[in-house]
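So the chains spell out like this:
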Amino acid sequence: MKNAVDDAVKGFCSNIIGLSVQEGKYVGNQLYGAAIALYQNGIENQWYLFFKKPTLNEFSKALLFEENLNEDDLDDLVKEVANMIIGSAKVSLESANRNHDYKIGVPDFLGHVQNPSTLKLEEILLYKIKNRTFMLGRRIEN
């Protein structure tokens, strides 16, 4: 699943927003977050996506031709990015594993997240576009 999400992030960045993506090293604090569930055979994998505002501005410029969005628009943008990335991973997983059942949840806006390490994520993916970092993390819910 981690590889499918990684591929989905790279596809989103290069094919949808037209920006090259690299591995990141550090995301920092004061982030905007979203959570979205990806179920595999009934097991909930909660994916968390965290972005700094400048990263979201880069996404907004590419997707909406706007920057410096207000809070409500940032809420919508974070949820839409989560939906696009995890939705793409779901489609990829379904194609590769036809004998598994995949479902996706509705993204939730987490608002401002001071420190994502408090979520105790099991896997973390860090990325950088135009020197702006963002992070995805997964936690399996029981």
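## Let's talk about helix H2 (residues 53–64)
Turning to step 1, where the next piece is worked out: Taken together, the buried positions of H2 are occupied by Thr55, Leu56, Asn57, Glu58, Phe59 and Ser60.
Turning to step 2, where the next piece is worked out: Contact partners of the buried residues in H2: helix H1 (2–16), strand S2 (31–40), strand S3 (43–51), helix H3 (71–96), strand S6 (123–129) and strand S7 (132–141).
Turning to step 3, where the next piece is worked out: Just beyond H2, the residue with positive phi is Phe65, at close to 60°.

## Quick word on the pairing of S3
Remark: a regular strand shows side chains that alternate across the two faces of the sheet.
Turning to step 1, where the next piece is worked out: Of all 9 residues that make up S3, 7 are buried, and the element is covered over most of its length.
Turning to step 2, where the next piece is worked out: Across 9 bridges, the pairing between S2 and S3 is antiparallel. Residue pairing across strands places Ala34 opposite Leu49, the latter belonging to S3.

## Some thoughts on the pattern of salt bridges
Turning to step 1, where the next piece is worked out: All told, the structure shown has 7 salt bridges when counted by the stated rule.
Turning to step 2, where the next piece is worked out: Lys90 is the partner of Glu94 in a salt bridge, and the nearest nitrogen-oxygen pair spans 2.8 Å. Separated by 4 residues within a single helix, Glu94 and Lys90 lie in helix H3, roughly one turn from each other.
Turning to step 3, where the next piece is worked out: A salt bridge links Asp101 to Lys103; the nearest nitrogen and oxygen atoms lie 3.2 Å apart.
Turning to step 4, where the next piece is worked out: Since its relative accessible area comes to 39%, Asp101 is described here as partly exposed.
Turning to step 5, where the next piece is worked out: Via salt bridges that share partners, Glu58, Lys61 and Lys130 belong to a single interconnected network.

## A look at the packing of H2 against H3
Turning to step 1, where the next piece is worked out: Running from N to C, H2 and H3 point in directions that differ by 80°, and their axes come no closer than 11 Å. When the interaxial angle is binned, H2 and H3 end up roughly perpendicular. Touching Lys53, Leu56, Phe59, Ser60 and Leu63 of H2 are Leu74, Leu77, Val78 and Val81, all from H3.
Turning to step 2, where the next piece is worked out: Among the residues forming the contact of H2 with H3, the class breakdown is 7 nonpolar, 1 polar and 1 charged.

## With respect to the confidence of the model for the protein
Turning to step 1, where the next piece is worked out: Put simply, the protein has an average pLDDT of 90, and 99% of its residues get 70 or more.
Turning to step 2, where the next piece is worked out: When mean pLDDT is compared element by element in the protein, strand S4 (residues 102–104) scores highest at 95, while strand S5 (residues 108–113) scores lowest at 87.

## A look at a negative patch on the surface
Turning to step 1, where the next piece is worked out: On the surface, a cluster of negative charge is contributed by Glu66, Glu71, Asp72, Asp73, Asp76 and Glu80.
Turning to step 2, where the next piece is worked out: Here Glu71 shows up in helix H3.
Turning to step 3, where the next piece is worked out: When its relative accessible area of 39% is taken as the criterion, Glu71 is described as partly exposed.

How each quantity is defined
Residues numbered from 1 in each chain as written. Predicted model: local features only at pLDDT ≥ 70, side-chain atom pairs only at ≥ 80, totals over all residues. Heavy atoms only, no water. Buried < 20%, exposed > 50% of the residue type's maximum accessible area, 1.4 Å probe, protein only. Helix = DSSP H or I, 4+ residues; strand = E, 2+ residues; numbered from the N terminus. Contact = heavy atoms within 4.5 Å. Pairing = 2+ DSSP bridges. Salt bridge = Lys/Arg side-chain N within 4 Å of Asp/Glu carboxyl O. Axes fitted to C-alpha atoms, helices over the stretch in contact; angles between N-to-C directions. Parallel < 35°, antiparallel > 145°, perpendicular 65-115°, else oblique. Nonpolar A, V, L, I, M, F, W, Y, C, P; charged D, E, K, R; others polar. pLDDT = per-residue confidence, 0-100. Patch = residues over 30% accessible without salt bridge, like charges linked within 9 Å, V, L, I, M, F, W, Y side chains within 5 Å. Areas by Shrake-Rupley, 256 points an atom, 1.4 Å probe, with all protein chains shown as cover. Lys, Arg positive; Asp, Glu negative; His and termini not counted. Charge placed at Lys NZ, Arg CZ, Asp CG, Glu CD.

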